[in-house]
Amino acid sequence: MVPTKTVPENAMGAKNLTTLVAAVQAAGLVETLNGPGPFTVFAPTNDAFDKLPKGTVDNLLKPENIDKLKGILTYHVVAGKYTSKDLKDGMTLTTVNGQTVKITKKGKNWMVNNSKIIVPDVMDKNGVSFVIDTVMLPQ
């Protein structure tokens, strides 16, 4: 990961984020996430997408489901730049889709909703990303 690259540019270089990249491209969000931001992105790994029921990702990538896909992806994005130093146990952040996520600390692990942050503070030109182990689904 390179701090002079945008959120999508860094994600495109990560072998464990290829499903996320495909979803962001299908949803037409690359240009938005290449914008000035700043953004805080909770980026699910390929393994996180694999935890979803079989066929879910393929179904979400269909043109008729793009709005639902956008809703899920924008649930993983917060306006503003929050690093791990800014996280507080019990804090809530409002996502770009208008819903909130809750940050908690369980032992040594930071969580966003029920997703464990497995790589914190990936610095991007237009924000920061946290790699997470579970896809978060909005209500």
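Everything discussed here concerns the structure shown above.
Residues numbered from 1 in each chain as written. Predicted model: local features only at pLDDT ≥ 70, side-chain atom pairs only at ≥ 80, totals over all residues. Heavy atoms only, no water.

## A short note on the side chain of threonine 104
At step 1: On the secondary structure map, threonine 104 appears in strand 4 (residues 100-106).
At step 2: Excluding residues that lie within four positions of it along the chain, threonine 104 makes contacts with Asp89, Gly90, Asn109, Trp110, Met111 and Asn113. (Helix = DSSP H or I, 4+ residues; strand = E, 2+ residues; numbered from the N terminus. Contact = heavy atoms within 4.5 Å.)

## Focus: unusual backbone geometry
At step 1: In the segment running from glycine 37 into proline 38, the intervening peptide bond is cis, with an omega of 5 degrees.
At step 2: With respect to the element layout, proline 38 can be found in the loop between helix 3 (30-33) and strand 1 (39-44).
At step 3: Of note, asparagine 113 is a non-glycine position whose phi angle comes to about 55 degrees, a positive value.
At step 4: Inspection of the secondary structure assignment puts asparagine 113 in the loop between strand 5 (109-112) and strand 6 (115-124).

## Some thoughts on the sheet that holds strand 6
At step 1: Spatial ordering of the open sheet is given by 2-1-7-6-5-4-3, a layout of seven strands whose pairing is mixed. Either end of the sheet is taken by a strand with one partner, and the two such strands are strand 2 (77-79) and strand 3 (92-94). Within this sheet the neighbouring strands show an average axis-to-axis angle of 30 degrees, counted without direction.
At step 2: Relative to strand 4, strand 3 runs antiparallel, the two being bridged by three bridges. Note that in strand 4 the partner of leucine 93 across the bridge is valine 101. (Pairing = 2+ DSSP bridges. Axes fitted to C-alpha atoms, helices over the stretch in contact; angles between N-to-C directions.)

## Overview of the packing of helix 2 (residues 18-26) against helix 6 (residues 66-74)
At step 1: Across the interface, helix 2 lies against helix 6 with an axial gap of 9 Å and an inter-helix angle of 125 degrees. In terms of orientation, helix 2 lies oblique with respect to helix 6. Every pair of crossing elements has a handedness; the one defined by helix 2 and helix 6 is left-handed. Counting all contacts with helix 2, which are made through Leu20, Ala23, Val24 and Ala26, the residues of helix 6 involved are Ile66, Leu69 and Leu73.
At step 2: For the contact of helix 2 with helix 6, the residue count by class is seven nonpolar, no polar and no charged. (Parallel < 35°, antiparallel > 145°, perpendicular 65-115°, else oblique. Left-handed = near helix turned anticlockwise from the far one by under 90°. Nonpolar A, V, L, I, M, F, W, Y, C, P; charged D, E, K, R; others polar.)

## So, the packing of aromatic side chains
At step 1: In this structure the tally under the stated criterion is one aromatic pair.
At step 2: Note on phenylalanine 42 and phenylalanine 130: the rings are 5.5 Å apart at their centroids and 25 degrees apart in plane angle, and the pair reads as stacked. Here phenylalanine 130 lies in strand 7 (residues 127-132) and phenylalanine 42 lies in strand 1, a separation of 88 residues in the sequence. We note that phenylalanine 42, like phenylalanine 130, is buried. (Phe/Tyr/Trp six-rings, centres within 6.5 Å; stacked < 30°, edge-to-face > 60°. Buried < 20%, exposed > 50% of the residue type's maximum accessible area, 1.4 Å probe, protein only.)

## Digging into the pairing of strand 1
At step 1: Most of strand 1 sits inside the fold, with six of its six residues counted as buried.
At step 2: Every second residue of strand 1 is oriented toward a common face, with Phe39, Val41 and Ala43 on one face and Thr40, Phe42 and Pro44 on the other, all of them buried.
At step 3: Pairing between strand 1 and strand 2: three bridges, direction antiparallel. What sits directly across from phenylalanine 39, in strand 2, is alanine 79.
At step 4: The pairing of strand 1 with strand 7 spans six bridges and is parallel. Across the sheet, phenylalanine 39 pairs through a bridge with glycine 127, a residue of strand 7.

Purely geometric numbers; function is a separate question.
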